Amino acid sequence: LWTSKTETVEEPVEAEAEATPKEGETDDDVKVEDEDDEKPKTKMVEKTVYDWETMNDNKPIWLRAPKEVEDADYTAFYKSFSKDSDDPLAHVHFSAEGEVTFRSILFVPKTAPHDLYQDYGKAVDNIKMYVKRVFITDDFEEMMPKYLSFIKGVVDSDDLPLNVSRETLQQNKLLRVIKKKLVRKALDMLKKMSDEDYKKFYNEFGTNVKLGVMEDHSNRNRLAKLLRWQSSQDTEEMTSLQSYLERMKEKQDHIYFMTGTNRAECEKSPFVEALLKKGYEVLYLVDPIDEYTIQNLPEFEGKKFQNAAKENLNLQETDAAKETMEKLGREFDTLMNWLKEKVLSSGIDKAILSTRLVESPCALVATQYGYSGNMERIMKSQAYAKAGSSESGNQKKILELNPFHPLVKQLNALHKADAESDAAKDLAHALYDTALLRSGCQGGDPTRDRGGRGGDP
């Protein structure tokens, strides 16, 4: 601060005019004093002095060594610049060197803003940018990716230009380097959180982690390790993919998962009957965003994901079991063709015998690259979904029949006795309608006559 103050200083008195001879006197008559005997004369005067005054001689907290800063100091600093009344859930204090040098402190809030997802992608002012300890701006759209927009903190660099506009600075290539390092540090901070704190974090910001898997392909593996889902192995706590791999059965090649609206629906789904009976662990994905996330995460640590509601479910069948299914296939071959070509021709892609069903008579399975029943439901509920569009669902499914179920055996017997009988057609439609409901599909025509007289399901 430029200030002024009054000081009393000692100044020399100006010398008197040189002595001159008076009238009638000669130069010889003028007394000359010896200069060596003369002492300088001074006087005290008041003088106004201007100078810079240091108002705060404390270093910014981010310039101090982390070991010198107490947790209470971090908390106080967080509340001062973020205007948050709660303590931060976690923080990281670091300095980066290399292509660009900067210091930073990042914080994770304890609770998510109420409009976090309503305004997702909107620019926020959570990161304060300093250059040489001078605040530049907090209006950077690209300082943090959208899925980490909840992270708050400060960044201070001596390598960025100070006398440029914010628009010019935003295009600076060094800023992209800073962003990359900030993202890495933020993800490391989340990874190092305690189990208790991370559980609190995931309850608030779990959707952001899943959005990150979809948006940030360069950090997809790091984000995948942060994912948590419900599991058939634990009814209380959510599990990580790493924990799932540690519990996998020998020779298991896939990570099995089931999608639905809640855990109970997933547990009772016909698609997981054989998986659970054989002791395989199944992940239950109950959030609408989960299936989108898995589509962007094809594998984890070399293990591919397998949707239990889609075809080609590999259950590691024994040779004896495969031989039995081949024999049954020949027995039910004409029934499968009859269902596909005549009775359910407009509703199914094909009919096959199932190895995934244990107690249920039938199920509608999605093709490898088709929509599951859960995905159809989500897409149809979108605000801009077009009614009747194939993009919003209504795709043909594969009808899988349980050859060991009494109703399927009865249907096969009725078909062999008289393929055109109303009893056979009625039972076929009843099984199809049951499969629609049990498989979570939204298909069929509710106004159709259930008498089974037509070829449309």
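Small disclaimer: the values here were computed from a predicted structure and weren't measured.

> Run through the pattern of salt bridges, naming residues and quoting values.
In the structure shown here, the tally under the stated rule is 13 salt bridges. We note a salt bridge from Glu267 to Arg263, for which the minimum N-O separation is 2.9 Å. Here the residue Glu267 and the residue Arg263 both occupy positions in helix α7 (residues 263-267), the gap between them amounting to 4 residues, near one helical turn. Taking relative accessible area as the criterion, Glu267 reaches 36% and is therefore assigned partly exposed. In this structure, Glu376 and Lys397 form a salt bridge, with 2.3 Å as the shortest nitrogen-oxygen distance.

> Can you lay out unusual backbone geometry for me, pointing to particular residues and giving the numbers?
A positive phi angle, close to 60°, is found at Lys83, a residue other than glycine. Mapped onto the secondary structure, Lys83 falls in the loop between α1 (71-82) and β3 (90-96). Positive phi values are uncommon outside glycine, yet Lys251 reaches one of about 70°. With respect to the secondary-structure elements, Lys251 resides in the loop between α6 (241-246) and β10 (254-259). Among the residues examined, Lys251 registers a relative accessible area of 65% and is labelled exposed.

> Describe the packing of aromatic side chains, listing the residues and the values that go with them.
Between two aromatic rings, the relevant description is the distance of the centres plus the angle of the planes. Evaluation of the coordinates by the stated rule reveals 16 aromatic pairs. A ring pair is formed by Trp62 and Tyr130, whose centres lie 4.8 Å apart and whose planes are at 45°; its orientation type is tilted. With a gap of 68 residues between them, Trp62 in the loop between β2 (42-52) and α1 and Tyr130 in strand β5 (residues 127-131) connect regions that are remote in the sequence. Overall, Trp62 belongs to the buried group, its relative accessible area being 6%.

> Describe the sheet that holds strand β13 (residues 303-307), and please don't skip the residues or the numbers.
Reading across from one edge, β9-β8-β11-β10-β13-β12 is the order of the 6 strands in this open sheet, with mixed pairing throughout. In this open sheet, the two strands that pair with only one neighbour each are β9 (234-239) and β12 (299-300).

> For a positive patch on the surface, give the residues involved together with the corresponding values.
The grouping of Lys180, Lys185, Lys191, Lys192, Arg222 and Lys225 at the surface amounts to a positive patch. No other element matches helix α3 (residues 173-191), which puts 3 residues into the positive patch. In this structure, Lys185 sits in helix α3.

> Tell me what's going on with the nonpolar core, and back it up with residues and numbers.
Judged by nonpolar contacts, the single largest core of 78 residues is most densely connected at Leu106, Ile178 and Phe201. Examining the composition of this core, we find that 10 residues originate from one element, α3, more than from any other. Met325, Val343, Leu399 and Leu431 belong to the second largest nonpolar core, which has 26 residues in total.

> Please provide a residue-by-residue account of helix α13 (residues 406-417), values included.
If you check α13, its first and last C-alpha atoms are 16 Å apart, about what 12 residues at 1.5 Å a residue would give, namely 16 Å. Turning to α13, its buried residues are Val408, Leu411, Asn412 and His415. Within α13, the buried residues cover an arc of 100° as seen down the axis, which keeps them to one side. Those residues of α13 that are exposed and angled more than 90 degrees off the buried face are Pro406 and Ala417. Packing partners of the buried residues in α13 comprise α10 (319-331), α11 (333-343), β16 (397-401) and α14 (422-438).

What counts, and at which threshold
Residues numbered from 1 in each chain as written. Predicted model: local features only at pLDDT ≥ 70, side-chain atom pairs only at ≥ 80, totals over all residues. Heavy atoms only, no water. Salt bridge = Lys/Arg side-chain N within 4 Å of Asp/Glu carboxyl O. Helix = DSSP H or I, 4+ residues; strand = E, 2+ residues; numbered from the N terminus. Buried < 20%, exposed > 50% of the residue type's maximum accessible area, 1.4 Å probe, protein only. Phe/Tyr/Trp six-rings, centres within 6.5 Å; stacked < 30°, edge-to-face > 60°. Pairing = 2+ DSSP bridges. Patch = residues over 30% accessible without salt bridge, like charges linked within 9 Å, V, L, I, M, F, W, Y side chains within 5 Å. Areas by Shrake-Rupley, 256 points an atom, 1.4 Å probe, with all protein chains shown as cover. Lys, Arg positive; Asp, Glu negative; His and termini not counted. Charge placed at Lys NZ, Arg CZ, Asp CG, Glu CD. Core = buried A, V, L, I, M, F, W, Y, C linked by side-chain atoms within 4.5 Å. Expected span 1.5 Å × (residues − 1). Arc of directions from axis to C-beta. Contact = heavy atoms within 4.5 Å.

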